[in-house]
Amino acid sequence: MKVTILTIFILSSIFITPVFAGAGHTGNQFSDRKKSRITRWYNKSMVMKGAKIYEQNCSSCHMKNARGVSNWRKTDETGNYPAPPLNGTAHAWHHDHNSLRNIVREGGQAMGGTMPGFKDKLSDKEIDSVLAWIQSYWSDKIYGEWLRRS
Ligand code: HEC
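These notes cover the structure that comes with them. It should be emphasised that the depicted structure is a prediction, and the values quoted were computed from it without experimental measurement.

What follows concerns the layout of surface pockets. Space inside the largest pocket adds up to approximately 940 Å³. Lining the largest pocket are 32 residues, and of these His62, Ala83, Pro84, Ile103 and Met115 sit closest to its centre. Residue assignment for the lining of the largest pocket shows that the elements contributing at least two residues are α3 (59-62), α4 (97-106) and α5 (124-135). Residues that form the lining of the largest pocket fall into these classes: 22 nonpolar, 10 polar and no charged.

With 24 residues, the main nonpolar core has Tyr54, Leu86, Leu131, Trp133, Ile134, Trp138 and Trp146 as its most contacted residues. At the level of secondary structure, the elements contributing two or more residues to this core comprise α2 (44-57), α4, α5 and α6 (140-149). It is α5 that contributes the most residues to this core, six residues altogether. For tryptophan 133, the contacting residues outside a window of four places in its chain are Asn28, Val47, Gly50, Ala51, Tyr54, Asn65 and Ala66.

Attention now goes to the site of the ligand. Among the 24 residues in the neighbourhood of the ligand, the closest are listed as Cys58, Cys61, His62, His95 and Met115. Between a nitrogen atom of the ligand and a side-chain N or O atom of histidine 62, the distance comes to 2.8 Å. Threonine 114 is positioned with one of its backbone polar atoms (N or O) 2.9 Å from an oxygen atom of the ligand. Among the cavities detected, the one that contains the ligand is the largest pocket. Looking at the shell around the ligand, the elements that each hand over two or more residues are α3, α4 and α5. Residue contributions to the shell around the ligand peak at three residues, all from α4. Its residues assigned to classes, the shell around the ligand shows 17 nonpolar, seven polar and no charged.

Within the secondary structure, serine 136 sits in the loop between α5 and α6. Residue classification places serine 136 among the buried residues on the basis of a relative accessible area of 0%. Among the polar contacts made by the side chain of serine 136, one reaches the main-chain carbonyl oxygen of tryptophan 133 at a distance of 2.6 Å.

As enumerated under the stated definition, the model contains five salt bridges in all. The shortest N-O distance in the salt bridge between glutamate 145 and arginine 148 comes to 2.8 Å. Placement of the pair is glutamate 145 and arginine 148 together in helix α6, with a separation of three residues, close to one helical turn. Take glutamate 145: its relative accessible area is 25%, and that puts it in the partly exposed class.

Orientation of α4 relative to α5, taken along the N-to-C sense of each, is 115 degrees, at an axis distance of 10 Å. Comparing their axes, α5 and α4 come out roughly perpendicular. Seen from above, α4 lies across α5 with right-handed handedness. Across the interface between the two elements, His97, Leu100, Arg101, Val104 and Arg105 from α4 touch Asp124, Ile127, Asp128, Leu131 and Gln135 from α5. Residue classes in the contact of α4 with α5 are distributed as four nonpolar, two polar and four charged.

Rules of the game
Residues numbered from 1 in each chain as written. Predicted model: local features only at pLDDT ≥ 70, side-chain atom pairs only at ≥ 80, totals over all residues. Heavy atoms only, no water. 1 Å grid on protein atoms, 1.4 Å probe; cavity = no way out; pocket = protein on both sides within 12 Å on 5 of 7 lines; lining within 4 Å. Points joined across faces, edges and corners; volume = space filled by probe spheres on them. Helix = DSSP H or I, 4+ residues; strand = E, 2+ residues; numbered from the N terminus. Nonpolar A, V, L, I, M, F, W, Y, C, P; charged D, E, K, R; others polar. Core = buried A, V, L, I, M, F, W, Y, C linked by side-chain atoms within 4.5 Å. Buried < 20%, exposed > 50% of the residue type's maximum accessible area, 1.4 Å probe, protein only. Contact = heavy atoms within 4.5 Å. Near = heavy atom within 4 Å. Polar contact = N/O pair within 3.5 Å; in protein donor to acceptor, adjacent residues only side chain to side chain. Sits in = over half its atoms within 2 Å of the grid points. Salt bridge = Lys/Arg side-chain N within 4 Å of Asp/Glu carboxyl O. Axes fitted to C-alpha atoms, helices over the stretch in contact; angles between N-to-C directions. Parallel < 35°, antiparallel > 145°, perpendicular 65-115°, else oblique. Left-handed = near helix turned anticlockwise from the far one by under 90°.

What follows is the structure in structure tokens.
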């Protein structure tokens with residue numbers, strides 16, 4: 001068989017794309033093959049609602065899959081900190097549930113940060129859904145630590 005660029009392209013889109021598509025979602029508790037062993041405060045339907053809310057309100061800064069800006073520990077050229085990851089790799093899990101709700105409601109501007117507050121835009125239920133979506137990216141270990149601190 002003569003292997004043309006086109007056949008390589010077609011084959012790679014059949015065999016490689018699903019792998020990449022899957023990889024993009026690893027870390028989400030509901031897409032992992034391994035089931036979570038800890039009972040969480042939210043359910044799958046909240047997480048699915050939260051995904052949409054996140055996409056519309058948060059992903060422009062906190063990026064896809066809540067992975068944040070890679071150099072989030074360093075201030076940018078305006079002297080502000082960029083949006084950190086929320087996926088359990090930074091320190092969002094150091095805040096208990098009420099503090100997380102407050103950060104989303106009030107934003108970070110009162111504390112010298114740049115995140116806008118969402119209390120006029122999102123209901124308490126919507127804020128909880130988006131937190132559920134974020135936490136679905138936390139490993140059992142991180143979630144367990146968060147529970148211990150909350
Ligand atoms: C305009 C950019 C921007 C948007 C939009 C935004 N954030 Fe943020 N967020 C930030 C920045 C920057 C910080 C760091 C604190 C600060 O500067 O206010 C932050 C901090 C946080 C924190 C605290 C993280 C930690 O490690 O302490 C949480 C939780 C959070 N954001 C959730 C959200 C959620 C949920 C949404 C959507 C409803 C959202 N953010 C929308 C920029 C943004």
